[in-house]
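# Report on the structure
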6 protein chains.
Amino acid sequence: MIFITRKERFNAAHKLFKEDWTNEKNLEVFGKCSNPNWHGHNYDLFVTVKGRINPETGFVIDLKFLSTLIKERVIDKIDHKNINLDVDFMKDRMASTEVLAEAIWEQLDSAIKGQGCALHCIKLFETENNYVEYFGSEN
Amino acid sequence: MIFITRKERFNAAHKLFKEDWTNEKNLEVFGKCSNPNWHGHNYDLFVTVKGRINPETGFVIDLKFLSTLIKERVIDKIDHKNINLDVDFMKDRMASTEVLAEAIWEQLDSAIKGQGCALHCIKLFETENNYVEYFGSEN
Amino acid sequence: MIFITRKERFNAAHKLFKEDWTNEKNLEVFGKCSNPNWHGHNYDLFVTVKGRINPETGFVIDLKFLSTLIKERVIDKIDHKNINLDVDFMKDRMASTEVLAEAIWEQLDSAIKGQGCALHCIKLFETENNYVEYFGSEN
Amino acid sequence: MIFITRKERFNAAHKLFKEDWTNEKNLEVFGKCSNPNWHGHNYDLFVTVKGRINPETGFVIDLKFLSTLIKERVIDKIDHKNINLDVDFMKDRMASTEVLAEAIWEQLDSAIKGQGCALHCIKLFETENNYVEYFGSEN
Amino acid sequence: MIFITRKERFNAAHKLFKEDWTNEKNLEVFGKCSNPNWHGHNYDLFVTVKGRINPETGFVIDLKFLSTLIKERVIDKIDHKNINLDVDFMKDRMASTEVLAEAIWEQLDSAIKGQGCALHCIKLFETENNYVEYFGSEN
Amino acid sequence: MIFITRKERFNAAHKLFKEDWTNEKNLEVFGKCSNPNWHGHNYDLFVTVKGRINPETGFVIDLKFLSTLIKERVIDKIDHKNINLDVDFMKDRMASTEVLAEAIWEQLDSAIKGQGCALHCIKLFETENNYVEYFGSEN
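Residues numbered from 1 in each chain as written. Chains lettered and ligands numbered in written order. Predicted model: local features only at pLDDT ≥ 70, side-chain atom pairs only at ≥ 80, totals over all residues. Heavy atoms only, no water.

### What to know about the overall build of chain A
- Counting its regular elements, chain A contains four helices and five strands.
- Going residue by residue from the N terminus, the α and β elements of chain A occur as β-α-β-α-β-α-α-β-β.
- Projected onto the principal axes, the alpha-carbon positions of chain A cover approximately 60 × 30 × 25 Å.
- The proportion of buried residues among the 139 residues of chain A is 63%.
- If you average the places of the 18 positive and of the 22 negative side-chain charges in chain A, the two averages end up 3 Å apart. (Helix = DSSP H or I, 4+ residues; strand = E, 2+ residues; numbered from the N terminus. Buried < 20%, exposed > 50% of the residue type's maximum accessible area, 1.4 Å probe, protein only. Lys, Arg positive; Asp, Glu negative; His and termini not counted. Charge placed at Lys NZ, Arg CZ, Asp CG, Glu CD.)

So, in structure tokens, the structure goes:
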């Protein structure tokens, strides 16, 4: 087994906010992340795939395929968007980094299985100081 | 003369959008940066001050003073905010990196002059790939 | 399970030195790290917590709580200090990166358990070229 | 158990190319990486060793020993070289990042075992966007 | 006047080598950079443009235009290529970082002038430890 | 004219402290940087040289020469040392980043002039958030 990782980036607006709470309750729980008029981040996304090396190519997975897949299923839907309002795969979900990492996993998992390897990890940086890692629902 | 720089960070939402243009015209000129529901960035701000070294302290300027000044006049007003809607010093101005660098200069210039040194440069990163430098209206 | 990481920083002096060895023996084993008058580093500390996502908040742990905990139990005691002389939790221990990572784990472990999640990893960079990871005494 | 990592760097030329394929087939499979006249990279290599802390020294492994070992067995053979043509341990192997990580493992594994600890991971960055991790043939 | 910078990247092979010198003379002057079978780098290119802010758009220059220009005139010609053999604008020139920065200036200067602003600086990193800045032949 | 920069690194202990002041006065002026038992940093040093390109070599200055010069005159004297106690060129000077940048300039200036080019800038990072630039006493 060997693990290969592709980094992509996106810039998006979001807020941490529950509609059925007051602004005050949201501020108490989520602090400045609940600003009603949104704020935003440059997100760094690392997608790790595990598998065996194809002896013909020396590859676990074609990185052009992986990069295109991430762009089509994640980046094109979320880059320069509002995570709470514009992104189909985040509809009715909290726009936290944890939940976003899970949702990105769901966008990519089955298409990578089809390549004879497996999605291993979604690592998502919200800022240089905060990041989340998700290894799937079985881990 | 010696130059000293302090880095601070803020996360904010914005869009590049002229209200008197149609969405289509905005999209044509500003591309994905005009998304009506906003997007956002982790901004990196570098503030450079020039002056002579105080022989008593070895300092050009007290960096605690400089950091506090930047926080009070810039970061507290813009961090986790919407640049177009929430920031007094950006009211009625385009929320481009260029204009934002000019506006941050105006927030800091006179207070630094009062310390016996001078503001030299505002360097503002919108992403790792794009940054602006502004040296004041006389340069 | 999902993993979330918070990065903090501290700047400290230290030396690698055994008092019951001669300066020559210390120099032989520890090289330039044994300089009697100390040297120092900008340490980068990454604290990783694992747990389940709270469906109300979308959080594994409140990062403000985690950041405050790290500051109170680690950063306030070690930042701008001498690791060998000034830090209670390093008393009578070698000031190596390995031992320091273990000691930071001990400072944080029980307080994180109290939050319904668990400390997973202490990752500590001494320089950009050297870092240590510690996953607790059971791993 | 504790894990310690040393970072080293090398700059090398390579191409992804099978001699028994046409240029067209190589271009189809490997894209611009198959350029007949080579291209190159600044590789970042992270070598992770796991073991117990020596209570005398506070070390898992002497990092000077580890750094010297990596330089002798890897860096001196590959830095400022052509991976396909000049490197003995890559002879007759595809010059992909995956295969190179495996080959670097083989160069280091037994010598680290002799130190009372074990090689845990070879992490190799080809660019800031692509990296591979290899944990040995038993993992 | 305000300055805006766009970062692009390319990966290329090269060697420092004078054909009319012996291998020994080349090795003496250029060291390991003269390896006959090439080596390579991940180059980071920063292109800085100076001008006035357009009050309609808040821009000095449209960064999509600038990025496309750099891609067409520089990146497409040099990325995943051999600088000595494959790049028309480096024909019969030493493949040093200094000369390459000058050559990239020549590729971009006139097209940027046509946008009502001016090329200010080419900053080119060969490695994280070495970079060159060129401000044009008049500076 | 073209500008070339070499980055080197050193790790050192220091404190900001005037012997003829009380600990209380030192604490008031220098804050936590005055800790009597020292603290330390990983310093990043960028040395920029300006000159014309030698048409034979494509070089402004031989970077091996420059790197060796910096190592002999700066790094070997300050790396893994105490700046206040161990460094001859900092004797009786405040160990601030500003003063240190000036002192490093003095260590390098005349030797670089002897190479037919000129020292242009010393840029010295104390942390990722603070750096100083010095262009010589005539600027």
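### Describing the pairing of strand β1 (residues 2-14) of chain F
- Taking burial as the measure, the 13 residues of β1(F) include twelve buried ones, the bulk of the element.
- Where strand β5 (residues 130-134) of chain E meets β1(F), five bridges bridge the pair, whose relative direction is antiparallel. Paired with Asn130(E) across the strands is Arg6(F), a residue of β1(F).
- The pairing of β1(F) with strand β2 (residues 39-51) of chain F spans 13 bridges and is classified as antiparallel. Bridge assignment links Thr5(F) to a residue of β2(F), and that residue is Thr48(F). (Pairing = 2+ DSSP bridges.)

### Thoughts on the packing of helix α2 (residues 63-78) of chain B against helix α4 (residues 97-113) of chain B
Residue and element names in this part refer to chain B.
- As a packed pair, α2 and α4 sit with axes 11 Å apart at the nearest point and diverge in direction by 140°. The angle between α2 and α4 places the two elements in the oblique class. Crossing handedness for the pair α2 and α4: right-handed. Along its contact with α2, which presents Phe-65, Leu-66, Leu-69, Ile-70, Arg-73, Val-74, Lys-77 and Ile-78, the element α4 presents Leu-100, Ile-104, Gln-107, Leu-108, Ser-110, Ala-111 and Ile-112. (Axes fitted to C-alpha atoms, helices over the stretch in contact; angles between N-to-C directions. Parallel < 35°, antiparallel > 145°, perpendicular 65-115°, else oblique. Left-handed = near helix turned anticlockwise from the far one by under 90°. Contact = heavy atoms within 4.5 Å.)

### Description of unusual backbone geometry
Residue and element names in this part refer to chain B.
- Of note, the phi angle at Asp-92 is positive, near 60°, even though the residue is not glycine.
- By the secondary structure assignment, Asp-92 is in the loop between α3 (83-86) and α4.
- The exposure class of Asp-92 is exposed, given its relative accessible area of 75%.

### Details of the side chain of Lys18(A)
- By the element assignment, Lys18(A) lies in the loop between β1 (2-14) and α1 (23-30).
- Despite its burial, Lys18(A) pairs with no opposite charge; the closest candidate is Glu56(C), at 4.1 Å N-O.
- When near neighbours in sequence (up to four residues on either side) are disregarded, Lys18(A) contacts Asn26(A), Phe30(A), Met94(A), Pro55(C) and Glu56(C). (Salt bridge = Lys/Arg side-chain N within 4 Å of Asp/Glu carboxyl O.)

### Section: the relation of the copies chain C and chain F
- Superposition of chain C onto chain F requires a rotation of 180° combined with a translation of 0.0 Å along the rotation axis, giving an RMSD of 0.0 Å. The symmetry that links the two subunits is that of a two-fold axis.
- Both copies share a contact surface, since 100% of the interface residues of chain C are interface residues in chain F too. (Least-squares fit on C-alpha atoms with pLDDT ≥ 70 in both.)

### Observations regarding the arrangement of the chains
- There is a clear gap between chain B and chain C: no contact, and 15 Å between their nearest C-alpha atoms.
- Considering only C-alpha positions, the minimal separation of the non-contacting chain D and chain F is 15 Å.

### A short note on the interface of chain C and chain F
- Chain C puts 22 residues into the contact, and the matching count from chain F is 22 residues.
- Taking both sides of the interface into account, the surface hidden between chain C and chain F amounts to around 1800 Å²; carbon and sulfur atoms contribute 43%.
- Among the residues of chain C in contact with chain F, Asn37(C), Asn42(C) and His80(C) are the three that bury the most area, contributing 32% of the side total.
- The tally of links from chain C across to chain F stands at four salt bridges.
- Between Lys32(F) and Asp79(C) there is a salt bridge, and its shortest N-O distance comes to 2.9 Å.
- Taken together, the links from chain C to chain F amount to 19 residue pairs in polar contact (both at pLDDT 80 or more).
- Only β1 (2-14), β2 (39-51), β3 (81-82), α3 (83-86) and β4 (118-127) of chain C provide two or more residues apiece to the side of chain C that touches chain F.
- Counted by class, the side of chain C that touches chain F contains five nonpolar, ten polar and seven charged residues. (Buried area = accessible area lost by both parts, 1.4 Å probe. Polar contact = N/O pair within 3.5 Å; in protein donor to acceptor, adjacent residues only side chain to side chain. Nonpolar A, V, L, I, M, F, W, Y, C, P; charged D, E, K, R; others polar.)

### Digging into the pairing of β1(A)
- In this structure, β1(A) lies alongside strand β3 (residues 81-82) of chain A, joined through two bridges in parallel fashion. Its bridge partner lying in β3(A), Ala13(A) is registered against Asn82(A).

### A short note on the pattern of salt bridges
- Applying the stated criterion across every chain yields a total of 54 salt bridges over all chains.
- The closest approach of N and O atoms between Asp62(F) and Lys64(F), which form a salt bridge, is 3.6 Å.
- Given a relative accessible area of 44%, Lys64(F) falls into the partly exposed group.
- A single salt-bridge network, built from bridges that share partners, covers Arg9(A), Glu128(B), Glu128(D) and Arg9(E).

### Some words on the environment of Tyr43(F)
Residues and elements named next belong to chain F.
- Inspection of the secondary structure assignment puts Tyr-43 in strand β2.
- Here Tyr-43 falls in the buried class, since its relative accessible area comes to 1%.
- On a C-alpha basis, the gap between Tyr-43 and Cys-117 in space is 26 Å, while along the polypeptide they are 74 residues apart.

### Remarks on the state of the cysteines
Residues and elements named next belong to chain B.
- Under the definition given, this model contains zero disulfides over all chains.
- Cys-121 provides the cysteine sulfur closest to Cys-117, a residue in no disulfide bond, and the two sulfurs are 15 Å apart.
- Accessibility expressed as a relative area gives 8% for Cys-117, which makes it buried. (Disulfide = S-S within 2.5 Å.)

### A few points about the packing of aromatic side chains
- Within this structure, the stated rule accounts for 48 aromatic pairs over all chains.
- Ring geometry for Phe3(B) and Phe135(F): centres 5.4 Å apart, planes at 85°, overall edge-to-face. Pair noted here: Phe3(B) is in strand β1 (residues 2-14) and Phe135(F) is in the segment after β5 (130-134), and the two residues belong to different chains.
- Looking at Phe3(B), the relative accessible area reads 12%, which means it is buried.
- Each residue in the set Phe46(A), Phe125(A), Tyr131(A), Phe46(C), Phe125(C), Tyr131(C), Phe46(D), Phe125(D) and Tyr131(D) is aromatic and connected to the rest through ring pairs, giving one cluster. (Phe/Tyr/Trp six-rings, centres within 6.5 Å; stacked < 30°, edge-to-face > 60°.)

### Description of the environment of Trp105(C)
- Its location among the elements puts Trp105(C) in helix α4 (residues 97-113).
- Put simply, Trp105(C) and Leu119(C) are 14 residues apart on the chain and 7.9 Å apart in space, counted from C-alpha to C-alpha.

### Quick word on helix α1 (residues 23-30) of chain E
- Within α1(E) the residues assigned to the buried category are Asn26(E), Val29(E) and Phe30(E). Projected onto a plane normal to the axis of α1(E), the buried residues spread over an arc of 75° and lie on a single side. Across α1(E) from its buried face, at more than 90 degrees, point the exposed residues Glu24(E), Leu27(E) and Glu28(E).
- On its buried side, α1(E) packs onto α2 (63-78) of chain F.
- Phi for Gly31(E), located one or two positions after α1(E), is positive at around 60°. (Arc of directions from axis to C-beta.)

### Section: helix α4 (residues 97-113) of chain E
All names here are of chain E.
- Helix length check: α4, at 17 residues, gives a terminal C-alpha distance of 24 Å against a target of 24 Å (1.5 Å per residue), a fit within 8%.
- Its maximal kink placed at Gln-107, α4 deviates by approximately 30°.
- Of all the 17 residues making up α4, 13 are buried; the element is thus mostly covered by neighbouring parts of the structure. (Expected span 1.5 Å × (residues − 1). Bend = angle between axes of the 7 residues up to and from the residue.)

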